[in-house]
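# Observations on the model geometry
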Amino acid sequence: MYDPYTTSALSVSQPDVASYWQAITPAARDLYPPLNRDISCDTLVIGAGYTGLSCGYELAASQQRDVVILDALQPGWGCSGRNGGFVLRGTGRLGLSQLKHKFGLDTAMLFHREYGDAITRVNQLIALGNIDCQPQPLGYYKLAHKATMATELANQAKWLQQEFGYQVQYLNQSEIAQTVAHHQQAFAALRFPDCYGLNPLALARGYATLAETTGAKVYGQSPVTRWQRIATGFKVITPQAEISAKNIVLATNAYTAKGFYPALNNSCLPVLSSVIVTEPLSPDQLQQLNWQHNSIMMDTRTLKYYYRLLPDNRILFGGRGAITGKAAADPIYSRRLLAALKHCFPALAQLKSQYQWSGWVGVSFDDLPRVYSPEPNLFYAAGYCGSGLSFSTLAGKRLAQLVAKEALPALPIYQSPLPTFPFSACRRQGQQLYYQWGRFKDRFL
Ligand SMILES: Cc1cc2nc3c(=O)[nH]c(=O)nc-3n(C[C@H](O)[C@H](O)[C@H](O)COP(=O)(O)OP(=O)(O)OC[C@H]3O[C@@H](n4cnc5c(N)ncnc54)[C@H](O)[C@@H]3O)c2cc1C
């Protein structure tokens, strides 16, 4: 599998990911063709995931700019077409209490509002583009994976209700069994009212159509191999074309190849997240599980598992994957995920997995993303740490506002570049150590 940490360029010859989403999502149109002639434009967006597509849409819709969006493969080929489909209120890896500790209560409140706006933005674009992405009922359950976490969740519920007016609901073990599912590893839960699951590939394709119908030009199979500054902006090279652009937006996130733009490469660690999707549950299994409302779930582990019951009664179950692209397809990782699923739901002992795949998420050194302009007329958004579906959509809008020199909300993630990892050449060794610590902590502490 393509590994951005070690590969110097992303080529057009990558295979399509054999995901469940690819299998069930009808292609709305033919593939987006490559850009095969020299052009000039106002803004070139590199990368057609949610970030790039949302940015391109916004630039065309609100600013009537001449905007071109390029992807090395196809819109949604990166994370955006292969994620779990959890629309969450948050990004990065810092919760509101950590944000309060780091930046104070007022800023934490601003973060909370911004994260809420990110969900609203997803909902608006779905409505604007009439995107059929099968949204499921509202509700995200954060599950205490051990008894000692139950008190922490109860305290969190009170704190979120009192300080933020966020109407999360605390559930004890018997309430979970009655109203959520028969789950053997859930000792308490918090229900977040505004989050939900959807089909992420349908969303990415819907964003591409929306951007295009609004006036952005979208091209596939067009990897940017290099660029240079010229008097009028930038000259950008793809295998079949040369583009001159006044502004460049880098929306390549964790798929940014080594050496593409060092300031981004050295501050965003590509980390594999892996997913399995099981065969459909039988009526008997469904009854034993008593899984209600098709809600999305994630546990409180350091190395988290996330899962959901899909509309066709399969379970999507995700978590940490391999460290290198070379090891990504090793069946040991999907077997681990299936074993973890059965640990949660022993009634599913016979259940088989039918799809497995992985993707790269961009992890930043300080666990927070950035939307930033590191140099004149150059912009990026990256580092969502595996929780970027809703935020990337808003980040695209924030990028477009940066291009237009509009002021952004006064949040630290809009005021500084992604910090570079110290000893960036040793990031993978650090990741290995973190996984060992995480496994130890989740098991024994
Ligand atoms: C398995 C998995 C599960 C996840 N589950 C969730 C979830 O449930 N909820 C959630 O909030 N987040 C989830 N995420 C994270 C989420 O998918 C990402 O944060 C989000 O999709 C990032 O979008 P993006 O547009 O920034 O990047 P991407 O979607 O990765 O897009 C980057 C694009 O850049 C293109 N590109 C790279 N280099 C070049 C180049 N040189 N020239 C042209 N194009 C280039 C790539 O082809 C790619 O399409 C998950 C991620 C994975 C991998």
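In what follows, the accompanying structure is described. (Residues numbered from 1 in each chain as written. Predicted model: local features only at pLDDT ≥ 70, side-chain atom pairs only at ≥ 80, totals over all residues. Heavy atoms only, no water.)

## Re the overall build of the chain
So the rule is basically this: Working definition: helices are DSSP H or I runs of at least four residues, strands are E runs of at least two. Numbering for both runs from the N terminus. As defined in this context, the radius of gyration uses C-alpha atoms, and a globule is described by 2.2 Å times the residue total to the power 0.38. Type-normalised accessible area, obtained with a 1.4 Å probe on protein chains alone, sets the label of each residue: buried when under 20%, exposed when over 50%, and partly exposed for intermediate values. Throughout, a contact is declared for two residues whenever any of their heavy atoms are within 4.5 Å. Only the protein chains shown count as cover for residues, and all accessible areas are computed by the Shrake-Rupley method using a 1.4 Å probe. Residues scored as charged are limited to Lys and Arg (positive) and Asp and Glu (negative), so that His and the chain ends carry no count. Positions of charges follow a simple convention, taking NZ of Lys, CZ of Arg, CG of Asp or CD of Glu.
Along the backbone of the chain there are twelve helices and 18 strands. Taking 445 residues into account, the globule formula puts the C-alpha radius of gyration at 22 Å, and the chain, at 21 Å, falls close to it. Considering only C-alpha atoms, the chain reaches an extent of 65 × 45 × 45 Å along its principal axes. Taking all 445 residues of the chain together, 58% fall into the buried category. For the chain, restricting intrachain contacts to residue pairs at least 6 apart in sequence, the fraction spanning at least 24 positions comes to 77%. By element, 53% of the accessible surface of the chain is carried by carbon and sulfur atoms, the whole surface being about 18200 Å². Positive and negative side-chain charges of the chain, numbering 40 and 28 respectively, have mean locations separated by a distance of 6 Å.

## Here's the deal with the pairing of strand S11 (residues 241-250)
Definition in use: Paired strands, as defined in this entry, are two strands with at least two bridges between them according to DSSP.
Of all ten residues in S11, seven are buried, a share of seventy percent or more. Across seven bridges, the pairing between strand S1 (residues 39-46) and S11 is parallel. Bridged to threonine 43 within S11 is asparagine 247. Where strand S10 (residues 233-238) and S11 come together, five bridges link them in antiparallel fashion. Bridge pairing in S11 links valine 236 to isoleucine 243. Here S10 hands over to S11 after two residues, the two strands then running antiparallel side by side. Bridging between S11 and strand S18 (residues 378-382) involves three bridges; their strand directions are parallel. In the sheet register, isoleucine 248 faces S18, and the bridge partner there is leucine 378.

## Quick notes on the site of the ligand
To keep things clear, this is the line we draw: Here a residue is near a molecule or strand as soon as one of its heavy atoms is found within 4 Å of it. Under this definition, polar contacts are N or O atom pairs within 3.5 Å; protein pairs additionally need one hydrogen-donor-capable and one acceptor-capable atom, and for neighbouring residues in sequence, both atoms have to be side-chain atoms. Ten residues, namely Ala, Val, Leu, Ile, Met, Phe, Trp, Tyr, Cys and Pro, are considered nonpolar, four, namely Asp, Glu, Lys and Arg, are considered charged, and the remaining ones, Gly among them, are considered polar.
Around the ligand, the surrounding shell holds 37 residues, and the nearest of these are Thr51, Asp71, Ser80, Asn253 and Leu389. Measuring from an oxygen atom of the ligand, one finds a backbone N or O atom of glycine 388 at 3.0 Å. Protein chains bury 97% of the 1000 Å² of accessible surface belonging to the ligand in isolation. Put simply, the parts of the chain that give the shell around the ligand at least two residues each are helix H2 (50-63), strand S12 (268-278) and strand S16 (353-364). Sort the elements by how many residues they give to the shell around the ligand and S16 lands first, with three residues. When its residues are assigned to classes, the shell around the ligand shows 19 nonpolar, 16 polar and two charged.

## Quick word on the pattern of salt bridges
Defined as follows: A pair is scored as a salt bridge if a Lys or Arg side-chain nitrogen falls within 4 Å of a carboxyl oxygen belonging to Asp or Glu.
Counted by the stated rule, this structure contains twelve salt bridges. Aspartate 3 is the partner of arginine 428 in a salt bridge, and the nearest nitrogen-oxygen pair spans 2.9 Å. Taken as a pair, arginine 428 in helix H12 (residues 427-444) and aspartate 3 in the segment before helix H1 (20-24) lie far apart in primary sequence, 425 residues in all. Taken as a pair, arginine 428 and aspartate 3 share a single burial class, namely buried.

## As for the packing of aromatic side chains
What counts here: For Phe, Tyr and Trp, where Trp contributes only its six-membered ring, two rings pair if their centres lie within 6.5 Å, and the inter-plane angle classes them as stacked under 30 degrees, edge-to-face over 60, or tilted in between.
For the structure on display, the rule yields 21 aromatic pairs. Judged by centre distance (5.7 Å) and plane angle (80°), the ring pair of phenylalanine 86 and tyrosine 306 falls under edge-to-face. Here the residue phenylalanine 86 occupies a position in strand S3 (residues 86-87), and tyrosine 306 occupies one in strand S14 (residues 306-309), the gap between them amounting to 220 residues. Neither residue differs from the other here; phenylalanine 86 and tyrosine 306 are each classed as buried.

## Quick look at a nonpolar patch on the surface
To keep it simple, the criterion reads: Excluding any residue in a salt bridge, patches collect residues exceeding 30% relative accessible area, merging like charges within 9 Å and nonpolar Val, Leu, Ile, Met, Phe, Trp and Tyr side chains within 5 Å.
A cluster of nonpolar side chains, contributed by Tyr434, Trp437, Phe440, Phe444 and Leu445, occupies part of the molecular surface with about 530 Å² of accessible area. On the secondary structure map, phenylalanine 444 appears in helix H12. Among the residues examined, phenylalanine 444 registers a relative accessible area of 54% and is labelled exposed.

## Comments concerning the environment of proline 26
Structurally, the position occupied by proline 26 is in the loop between H1 and S1. Spatially, the C-alpha atom of proline 26 lies 8.3 Å from that of alanine 202, the residues being 176 residues apart in sequence.

## With respect to the side chain of threonine 51
Within the secondary structure layout, threonine 51 lies in helix H2. Overall, threonine 51 belongs to the buried group, its relative accessible area being 5%. Residues contacting threonine 51, with those up to four places away along its chain left out, are Ala251, Ala381, Tyr384, Ser392, Gly396 and Leu399.

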